[in-house]
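Single-letter residue listing:
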Amino acid sequence: MEVTNPQSESILNRRKSILLALFIAVVAILLGRLFSLQVIRHEHYSRLALSNRIQRERILAPRGLIRARDGSKLVVNVPVYQINILPREVRNDWEKLTLACRWLEIDEEKLLANLSEWKERYPDGREMPVVPAAAKHQISSLMENRALFPFFRLVM
């Protein structure tokens, strides 16, 4: 038979209570942090999640030429460039947007109306097509001034 010492038993009970208090404190800290992240800071992390979305970008492969039996070309590929606007990049640069509309020969009022509709429809910030088939002078104006107009993107 084992004989228990009352002094060692009190030390053991004290250690158990310290360990239990430590465990409860750790669980309380974790629950407090979870509450803070999920309830208090929910809006902040929601906005971060929207900007961290993966967006698909469709890259079309160039098609081959179609030739006749004698080797003459029946169908020739011509690249067509599209000008898109990035709604998140506009950021109250209305003067630059006005200048870009003038240089690219785009109706500014129509663009602003379409842009506001696009932002309501797609709050994730996806690109909005502005010019589906850009002319050479529009492409060259955009390429020359791409540092001035970071909110436009040229897509093939």
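Each remark here, short or long, concerns the structure printed above.
Residues numbered from 1 in each chain as written. Predicted model: local features only at pLDDT ≥ 70, side-chain atom pairs only at ≥ 80, totals over all residues. Heavy atoms only, no water.

**What about the overall build of the chain?**
Point 1. Of regular secondary structure, the chain possesses six helices and five strands.
Point 2. Order of helices (α) and strands (β) in the chain, N terminus to C terminus: α-α-β-β-β-α-α-α-β-α-β.
Point 3. Here the chain has a C-alpha radius of gyration of 32 Å; the compact-globule value for 156 residues is 15 Å, and the former is much larger.
Point 4. Along the first, second and third principal axes, the C-alpha set of the chain runs to 105 × 50 × 25 Å.
Point 5. Split into buried and exposed, the 156 residues of the chain put 19% on the buried side.
Point 6. In the chain, once contacts between residues fewer than 6 apart in sequence are set aside, the share between residues at least 24 apart is 71%.
Point 7. In the structure as shown, the chain presents an accessible area of about 13000 Å², 57% of it carried by carbon and sulfur atoms.
Point 8. Distance between charge centroids for the chain: 8 Å, based on 24 positive and 17 negative side chains. (Helix = DSSP H or I, 4+ residues; strand = E, 2+ residues; numbered from the N terminus. Rg over C-alpha atoms; globule rule 2.2 N^0.38 Å. Buried < 20%, exposed > 50% of the residue type's maximum accessible area, 1.4 Å probe, protein only. Contact = heavy atoms within 4.5 Å. Areas by Shrake-Rupley, 256 points an atom, 1.4 Å probe, with all protein chains shown as cover. Lys, Arg positive; Asp, Glu negative; His and termini not counted. Charge placed at Lys NZ, Arg CZ, Asp CG, Glu CD.)

**Digging into the sheet that holds strand 5 (residues 152–155)**
Point 1. Strand order in the open sheet made by the three strands is 4-3-5, with antiparallel pairing throughout. Edge positions in the sheet fall to strand 4 (128–131) and strand 5, since each of these pairs with one other strand and no more. Going from strand to strand, the sheet's axes swing by 40° on average, the running direction of each strand aside.
Point 2. Two elements, strand 3 (residues 82–85) and strand 5, share four bridges in a ladder whose sense is antiparallel. Looking across to strand 5, one finds that Asn84 is bridged to Arg153.
Point 3. Running over the sheet, helix 6 (residues 136–144) touches strand 3, strand 4 and strand 5 and is turned about 130° from strand 5. (Pairing = 2+ DSSP bridges. Axes fitted to C-alpha atoms, helices over the stretch in contact; angles between N-to-C directions.)

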